Amino acid sequence: MNTSDKKFWEERYDEQNTGWDLGQCSPPLRDWFDREENKQLNILIPGAGNAYEAEYLYKSGFTNVVVLDFAETPILNFRKRVIDFPQEQLILQDFFEHEKKYDRIVEQTFFCAIPPDYRERYVEKIKELLVPGGKLIGVLFDRDFPAGPPFGGSAVEYKQLFETHFSSVKIYPCLHSVTPRMGTEVFIEIEK
Ligand SMILES: C[S@@+](CC[C@H](N)C(=O)[O-])C[C@H]1O[C@@H](n2cnc3c(N)ncnc32)[C@H](O)[C@@H]1O
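The rules behind each value
Residues numbered from 1 in each chain as written. Predicted model: local features only at pLDDT ≥ 70, side-chain atom pairs only at ≥ 80, totals over all residues. Heavy atoms only, no water. Buried < 20%, exposed > 50% of the residue type's maximum accessible area, 1.4 Å probe, protein only. Helix = DSSP H or I, 4+ residues; strand = E, 2+ residues; numbered from the N terminus. Pairing = 2+ DSSP bridges. Right-handed = clockwise from strand over helix to strand, strands pointing away. Near = heavy atom within 4 Å. Polar contact = N/O pair within 3.5 Å; in protein donor to acceptor, adjacent residues only side chain to side chain. Areas by Shrake-Rupley, 256 points an atom, 1.4 Å probe, with all protein chains shown as cover. Nonpolar A, V, L, I, M, F, W, Y, C, P; charged D, E, K, R; others polar. Phe/Tyr/Trp six-rings, centres within 6.5 Å; stacked < 30°, edge-to-face > 60°. Lys NZ or Arg CZ within 6 Å of the ring centre and 35° of its normal.

## Examining the pairing of strand 5 (residues 130–141)
Then step 1. The element strand 5 is largely enclosed, with a buried count of 9 among its 12 residues.
Then step 2. Bridge analysis of strand 4 (residues 102–108) against strand 5 gives 6 bridges, and the strand direction is parallel. By the bridge assignment for strand 5, Ile105 is matched with Leu136.
Then step 3. For the crossover from strand 4 across helix 5 (residues 119–129) to strand 5, the handedness is right-handed.
Then step 4. Here strand 5 pairs with strand 7 (residues 185–191) via 7 bridges, running antiparallel.

## Concerning the site of the ligand
Then step 1. Close to the ligand lie 18 residues, the nearest being Tyr13, Gly47, Asp69, Gln108 and Thr109.
Then step 2. In this structure, Phe95 approaches the ligand through a main-chain N or O atom, which is 2.9 Å from a nitrogen atom.
Then step 3. Gln108 is positioned such that a nitrogen or oxygen atom in its backbone is 2.7 Å from a nitrogen atom of the ligand.
Then step 4. Burial of the ligand by the protein amounts to 96% of the accessible area it has alone, namely 590 Å².
Then step 5. Mapped by element, the contributors of at least two residues to the shell around the ligand are helix 1 (6–14) and strand 2 (65–69).
Then step 6. Classifying every residue of the shell around the ligand gives 11 nonpolar, 5 polar and 2 charged.

## Comments concerning the packing of aromatic side chains
Then step 1. Overall, the coordinates contain 17 aromatic pairs when judged by the stated rule.
Then step 2. Residues Phe111 and Tyr122 carry aromatic rings whose centres are separated by 5.1 Å and whose planes lie at 75 degrees to one another, so their mutual orientation is edge-to-face. You can see Phe111 sitting in the loop between strand 4 and helix 5 and its partner Tyr122 sitting in helix 5, a full 11 residues away along the chain. Both residues of the pair, Phe111 and Tyr122, count as buried.
Then step 3. Consider the rings of Phe111 and Phe162, whose centres lie 6.4 Å apart with planes at 35 degrees: the pair is tilted. Within this pair, whereas Phe111 is found in the loop between strand 4 and helix 5, its partner Phe162 is found in helix 6 (residues 155–163), the two being separated by 51 residues in sequence.
Then step 4. The exposure class assigned to Phe162 is buried, which follows from its relative accessible area of 0%.
Then step 5. Through a chain of ring-to-ring contacts, three or more aromatic side chains come together here, namely Phe95, Phe96, Phe110, Phe111, Tyr118, Tyr122, Tyr158, Phe162 and Phe166.
Then step 6. Lying over the aromatic face of Phe96, Arg121 brings its terminal NZ or CZ to 4.4 Å of the ring centre.

Structure below.
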């Protein structure tokens, strides 16, 4: 089945075949969120899954957080888990059809989930969704995988890809990865 297909992901959730799910806010992102003082930022989390990052942000006082995924199960899980989160900020939609502007977009195992031939479209869509000066921040794998998803890549490849559309592309080693991913991730901070 095509991994760009919503049904593929719905089935993974139904079968509880969700090896990517950390069960907690990704530590490198938690570290970044803790240093961000502007709680008014409009933040999008695409391909959010169970969205522990959104839960962490919301409980830390960030009120303008939008959770987006085209699979229904994780959105329903999130509704049950974070009951006071504004319902209108939970969006069941294909990322490539979403239209709004954000100050920050958070990347956590969404890029690696989409087929590699969609990467150019992903970068263009991120650019479209960001306000001028807005940033994509998050974590990407810096390794290959035998068969995806996840689809791997390298810091060099990501730099080339993002630099065709963004003027400021910072990619550095990830210091706070969870133990099984230690040394295999990079942190990205990409500004429009
Ligand atoms: C590997 S999971 C990661 C989920 C979450 N970010 C995490 O780290 O636990 C990829 C997620 O992206 C979602 N997804 C894949 N393609 C999508 C698309 N085109 N639009 C919206 N969501 C998509 C899937 O439904 C799935 O929840």
